[in-house]
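# Structural characterization, general
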Amino acid sequence: MSKGKIAIIGAGPGGMAAALAAIRVGFDVTLFERMTEVHAAGNILNLWPPPQKVLKLIGVDTDDLGAPCKVFFKNPQGHVRAEVMLPAEVEREYGGGFIGLLRRGLYQRMLDALPPGVLRLGHELTGIEDRGDSVMLQFANGERDDADVLIGADGINSFVRRHL
Ligand SMILES: Cc1cc2nc3c(=O)[nH]c(=O)nc-3n(C[C@H](O)[C@H](O)[C@H](O)COP(=O)(O)OP(=O)(O)OC[C@H]3O[C@@H](n4cnc5c(N)ncnc54)[C@H](O)[C@@H]3O)c2cc1C
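The present account deals with the structure reproduced in this document.

So, how was this worked out
Every residue gets a number counted from 1 within its own chain, in the order that chain's sequence is written. The predicted origin of the model limits local features to residues at a pLDDT of at least 70 and limits the giving and counting of side-chain atom pairs to 80 or more, whereas totals for whole chains, interfaces and linings rest on all residues. Each side-chain value is worked out from all heavy atoms of the structure, with water and hydrogens disregarded. Counting from the N terminus, the helices are DSSP H or I runs at least four residues long and the strands are E runs at least two residues long. Contacts are assigned to residue pairs that have any heavy atoms within 4.5 Å of one another. Residue exposure (1.4 Å probe, protein chains only): buried if accessible area is under 20% of the type maximum, exposed if over 50%, otherwise partly exposed. When DSSP finds two or more bridges between a pair of strands, those strands are recorded as paired. Under this scheme, a helix contributes an axis fitted over its contacting stretch, all axes are lines through C-alpha atoms, and angles between N-to-C directions fall in the 0 to 180 degree range. Arc definition: it is the arc formed by the directions from the helix axis to the C-beta atoms. Residues are classed as near a molecule or strand on a simple rule: at least one heavy atom within 4 Å of it. Two N or O atoms form a polar contact when they lie within 3.5 Å of each other; inside protein one atom must be a possible hydrogen donor and the other a possible acceptor, and for residues adjacent in sequence the pair counts only when both atoms belong to side chains. Exposure was quantified through the Shrake-Rupley algorithm and a 1.4 Å probe, taking into account, for residues, occlusion by the shown protein chains and nothing else. Asp, Glu, Lys and Arg are counted as charged, while Ala, Val, Leu, Ile, Met, Phe, Trp, Tyr, Cys and Pro are counted as nonpolar; the rest, among them Gly, fall into the polar class.

## A short note on the side chain of S134
Locating S134 in the fold gives a position in the loop between β8 (125–130) and β9 (135–139). Among all residues touching S134, those that are not within four sequence positions of it are E129 and A147.

Here is the structure:
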């Protein structure tokens, strides 16, 4: 049985991760994205063991993400100033430090983990009406929806944050 209805605005990494986590613990989730496809800002990212672990826990395929790196900081003369030391059990489980990968590759893995019907593209949130025990949502395409909880994951110029 559903624990309640959550509407998440914005299918960036924040929104996708929130959706996957909430689905896993039994909420009925809809993820609304204004664009007609999920688009990665930027090219690369470095994933350290903690986010690798979280991604796996929320159902994202983290197999063969790439080769874990060992991290050193050197001065211009090549002298090692610092080495990032990881606990032995982390080294054993994750093979080292961060994995560098293309952002769109990770976005695709997160999209693949979303159950069908959760992501609704072409839905730009333009209105929010707080009704106390629920929230009404208005979209630019004329559609309306409602939810028990609204999560704003709509980026740096968040409409949800402005409304609050
Ligand atoms: C040009 C650029 C390059 C970058 N390069 C890198 C990089 O190489 N490596 C790195 O780690 N980080 C990079 N970043 C930072 C990274 O993109 C952000 O930290 C990350 O995307 C934030 O994730 P988020 O889910 O919070 O928000 P966002 O990724 O911004 O996602 C917000 C989503 O909400 C949607 N949205 C917004 N308003 C509405 C609305 N009203 N209704 C419905 N949907 C809405 C947007 O279309 C978007 O899909 C870069 C950022 C930029 C701008």
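## Focus: the pairing of β9
On a regular strand, one side chain projects to one face of the sheet and the next to the other, so that they alternate. Of all five residues making up β9, four are buried, and the element is well covered by its neighbours. Where β8 and β9 come together, five bridges link them in antiparallel fashion. Each residue of the ladder has a partner; that of I128, found in β9, is L137. Counting the residues that bridge the hairpin from β8 to β9 gives four residues, and of these G132 lies at a positive phi of roughly 85°. Looking at chain direction, β9 and strand β10 (residues 144–147) are connected through four bridges and run antiparallel. Directly across from M136, in β10, lies its bridge partner D146. What sits between β9 and β10 in their antiparallel hairpin is a turn of four residues, with G142 showing a positive phi close to 95°.

## With respect to the environment of G59
Within the element layout of this structure, G59 appears in the loop between α2 (49–57) and β4 (72–74). Residue G59 is classed as partly exposed on the basis of its relative accessible area, which comes to 35%. Along the chain, G59 and D112 lie 53 residues apart, while their C-alpha atoms are 9.6 Å from each other. Excluding residues within four positions of it along the chain, G59 makes contact with R24 and A113.

## A closer look at the sheet that holds strand β7 (residues 119–120)
Spatially, β7-β2-β1-β11 is the arrangement adopted by the four strands of the open sheet, whose pairing is parallel. The sheet is open, and its two borders are formed by β7 and β11 (149–152), each paired with just one other strand. When strand β1 (residues 5–9) meets β11, the two strands line up parallel, connected through four bridges. The residue bridging I9 from the neighbouring strand is G152, located in β11. The sheet strands contacting helix α1 (residues 13–24) are β1 and β2 (28–32), and the helix crosses β2 at an angle near 170°.

## Observations regarding helix α4 (residues 103–113)
Buried within α4 we find R103, L106, Y107 and M110. The arc that holds the buried residues of α4, viewed along the axis, is 100°, so those residues lie on one side. Residues R104 and D112 are exposed on α4 and point more than 90 degrees away from its buried face. Contact partners of the buried residues in α4: α1, β3 (44–47), α2 and β6 (99–102).

## A word on the site of the ligand
Taken together, 24 residues sit near the ligand, with G14, E33, I44, R103 and L125 positioned nearest. G14 has a polar backbone atom sitting 2.8 Å from an oxygen atom of the ligand. Relative to its unbound accessible surface of 1,000 Å², the ligand loses 58% to contact with the protein. Among the elements of the structure, α1, β3 and α4 are those that each provide at least two residues to the shell around the ligand. Per-class residue counts for the shell around the ligand are twelve nonpolar, seven polar and five charged.

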